[in-house]
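What follows is each chain in one-letter form.
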Amino acid sequence: MTATAVETKRKTVHLIIERQDNPDSKPYTQEFVVPYVPGMNVIACLMEIQRNPVDKDGKPVAPVTWEMNCLEEICGACMMVINGKPRQACTSLVDQLEQPIRLKPARTFPVVRDLVVDRSRMFDALKKIKAWIPIDGTYDLGPGPRMPEKDRQWAYELSRCFTCGACLEACPNVNERTSFIGPFAISQARLFNEHPTGQMHREERLEALMGEGGIHECGNAQNCVEVCPKGIPLTTSIAAMNRQVTWHAIGAWLKK
Amino acid sequence: MAQAQQSSQFLLRRLHTLAGVVPVGLFLLEHLFTNAMATAPNGAVQFNRAVDVIQHIPLLHFVEFFFIFLPLIYHGVYGLYVAFTSGYNAGQYSWTRNILFMLQRITGIITFVFIIFHLWTTRFSGKAPTFQMVHELVSNPAYFWFMIIGVVAATFHFANGLWSFCIHWGITVGARAQRVTAAVTMVIFVVLAAVGVDAIVAFTHSA
C-alpha cells in the first residue's frame, strides 16, 4: 500500500450507531464509514450518512434520523449518548473522539426513531414545578422589584439550562422504578424562586418539589453535574432546594 | 388523597435519612464505644462493667424498642426499598461519587443482613451479654470475618451517609462544602472502622 493510499484510508470516520425503526421495534446496530473533513462534528457525520445512506459494506440502508436545531450548543435538541456519555452531537468534535464513534439514543426517554427521543417528560416536569414567572394581570401591574446584581450573576448560570436531558440520562435514580422529575427541574425551581417576581410563587414550587417524583428521589450520585454540557452547578442547586424545602416543610408544619 | 400520598413520600424519605443519624447512628457510636472497652488491659472486666451500666438504664426495654429497634427497622426496611428503586450505572459513569452512591446501597444491604444475624447470635441468643459470650463467638474464624465485614460495612454506611444527610437536609450546599464534608466523613469512616476492628480483635483474646 502506498503512503497516499494509507493516508486516504486513514481519513475516514468509523461510526457504530444503535438504531431503532419505530418506538416499539427492537434496536439494532449498524456501522458506517464516512469521509473525514477537518473540524467535523458528529452532526456532520450524520449529515454525510443522510446524503449517502450506505452502511460500512456499501449496502443501502435507511438514513439515520436525529434531531438538531441550533448547532451551537444552545438548544439541547441533539443530545445523544456518544461513546457512552450523554452530550450534544454538535459540540462533539470527531478529532476529540475515540474511534469507532458509538452513537446511541438517550434511552431514559422513549425512543421515537434511531437517535430521536421524546423528551415530553422534561416539559411536564417544568410545568409541575411552575418554571415560569407569572406577570399577567387584569391591569398593568407595573415594573417588578429589582434583582440584586450578585444574585443575577449566579442565576444566569442556571438560566443556561436548555432542557437537553443529559442529566436525566446519567442519573441512576431516573429509571422505570421511580418518577423522579430529574436534576434540571430542581435547578429551574431554584432559578425562578430566586427571581424577585418569581419569589411570589415560591411556596407553590416548593410544594411541587415535595410532591411525587420530587427532590427526595435524589440519591446524590452527582452524575448530573458531571455531564451537564453548560456546567450548571446542579448539585449545588439540589442542595440549595433541599434547604428551602426543609425549612418550608418544618415551617408549614409548625404553622398548622 | 393523591396529594396526601405525595407528601408522605417526601416525609418518609426525610425520616429515613434522619433515623440513620439520630438515633441509629448515635447508637452505632455508643456501641463501638462500649466494645472498645474490651481493648483495655483488663478488657473482660472493663467490658462487662460497661455492659452492666447499660443494663441499668431506666426503662431499658422501652428505650431499646423506641430508640433502637423501631428506628433501625424503619431505616433498614425503607432503605431496602430505596436500594431497590435506585439505578446502578457506575460501570458506565465511574465517577467517585457515583461509585460511593453504589457502595452506600451495597453496604446498606450487607449491614442489614449483618445486623439480623448479629442480633440473633447475641441479643436474642438467650445468653448473658458478657465478654466470654462474644469471645466464644469470634473464636470461630468464619464468625470473626463476618464481624469484620459487618463492622467495616456499617461504619462506611454511617460515615458516607452523614455526607448524604448533610445534602438532604440542605446543610452543605456549595461544591466546596460538599468536598470538605466528603473528606471529613471518610476520615470518620477510617477511624470508626479501626475502632470497631480493634475491638473485635480484642475479643479474640481470652479473658
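Look above for the structure.
Rules behind the numbers
- Residues numbered from 1 in each chain as written.
- Chains lettered and ligands numbered in written order.
- Predicted model: local features only at pLDDT ≥ 70, side-chain atom pairs only at ≥ 80, totals over all residues.
- Heavy atoms only, no water.
- Helix = DSSP H or I, 4+ residues; strand = E, 2+ residues; numbered from the N terminus.
- Buried < 20%, exposed > 50% of the residue type's maximum accessible area, 1.4 Å probe, protein only.
- Contact = heavy atoms within 4.5 Å.
- Areas by Shrake-Rupley, 256 points an atom, 1.4 Å probe, with all protein chains shown as cover.
- Lys, Arg positive; Asp, Glu negative; His and termini not counted.
- Charge placed at Lys NZ, Arg CZ, Asp CG, Glu CD.
- Buried area = accessible area lost by both parts, 1.4 Å probe.
- Salt bridge = Lys/Arg side-chain N within 4 Å of Asp/Glu carboxyl O.
- Polar contact = N/O pair within 3.5 Å; in protein donor to acceptor, adjacent residues only side chain to side chain.
- Nonpolar A, V, L, I, M, F, W, Y, C, P; charged D, E, K, R; others polar.
- Patch = residues over 30% accessible without salt bridge, like charges linked within 9 Å, V, L, I, M, F, W, Y side chains within 5 Å.
- Core = buried A, V, L, I, M, F, W, Y, C linked by side-chain atoms within 4.5 Å.

**Student:** Which parts of the structure should I look at to understand the overall build of chain A?
**Tutor:** On a plain count of helices and strands, chain A comes out with nine helices and seven strands. Each of the three principal axes of chain A carries a C-alpha extent, and together these read 80 × 40 × 35 Å. Within the span of chain A, comprising 256 residues, buried residues form 49% of the whole. Considering only contacts in chain A between residues 6 or more positions apart, those separated by 24 or more positions represent 62%. Counting only carbon and sulfur atoms, one obtains 53% of the accessible surface of chain A, whose full area is about 12,800 Å². Charge centroids of chain A, computed over 31 positive and 30 negative side chains, lie 3 Å from each other.

**Student:** Can you help me understand the interface of chain A and chain B in this one?
**Tutor:** Many structure descriptions define interface size as the accessible area lost when the parts assemble. Across the boundary between the two partners, chain A contributes 35 residues, which contact 31 residues of chain B. On the chain A side of the contact with chain B, A:Arg177, A:His216 and A:Asn220 bury the most area, a combined 21% of that side's loss. Across the contact surface, chain A and chain B share one salt bridge. Two residues, A:Glu217 and B:Arg13, come together in a salt bridge whose shortest N-O distance is 3.4 Å. Summed over the shared surface of chain A and chain B, the result is 19 residue pairs in polar contact (both at pLDDT 80 or more). Of all the secondary-structure elements, those providing two or more residues to the side of chain A that touches chain B are β4 (85-88), α5 (166-170), α8 (223-227) and α9 (234-255) of chain A. Residue composition of the side of chain A that touches chain B, by class: 14 nonpolar, 14 polar and seven charged.

**Student:** What exactly am I supposed to notice about a nonpolar patch on the surface here?
**Tutor:** Residues and elements named next belong to chain B. A cluster of nonpolar side chains, Leu59, Phe62, Phe65, Phe66, Phe67 and Leu70, forms an exposed patch at the surface whose accessible area comes to about 620 Å². Considering the arrangement of structural elements, one finds Leu70 in helix α4 (residues 60-85). A relative accessible area of 39% places Leu70 in the partly exposed class.

**Student:** Where do I start with the nonpolar core in this structure?
**Tutor:** The tendency in soluble globular proteins is for nonpolar side chains to be buried as a group. Residue and element names in this part refer to chain A. Of all hydrophobic cores here, the largest spans 45 residues; its most connected members are Ile129, Phe184, Leu209 and Ile215. At the level of secondary structure, the elements contributing two or more residues to this core comprise β3 (79-82), α3 (120-128), α4 (149-159), α5, α6 (183-194), α7 (202-209), α8 and α9. The element contributing the most residues to this core is α6, with six residues. When near neighbours in sequence (up to four residues on either side) are disregarded, Ile129 contacts Ile181, Ala185, Gln188, Ala189, Arg205, Ala208 and Leu209. With 25 residues, the next largest nonpolar core counts Ile82, Ala89, Cys90 and Leu97 among its residues.

On their own, these measurements won't tell you what the molecule is for.
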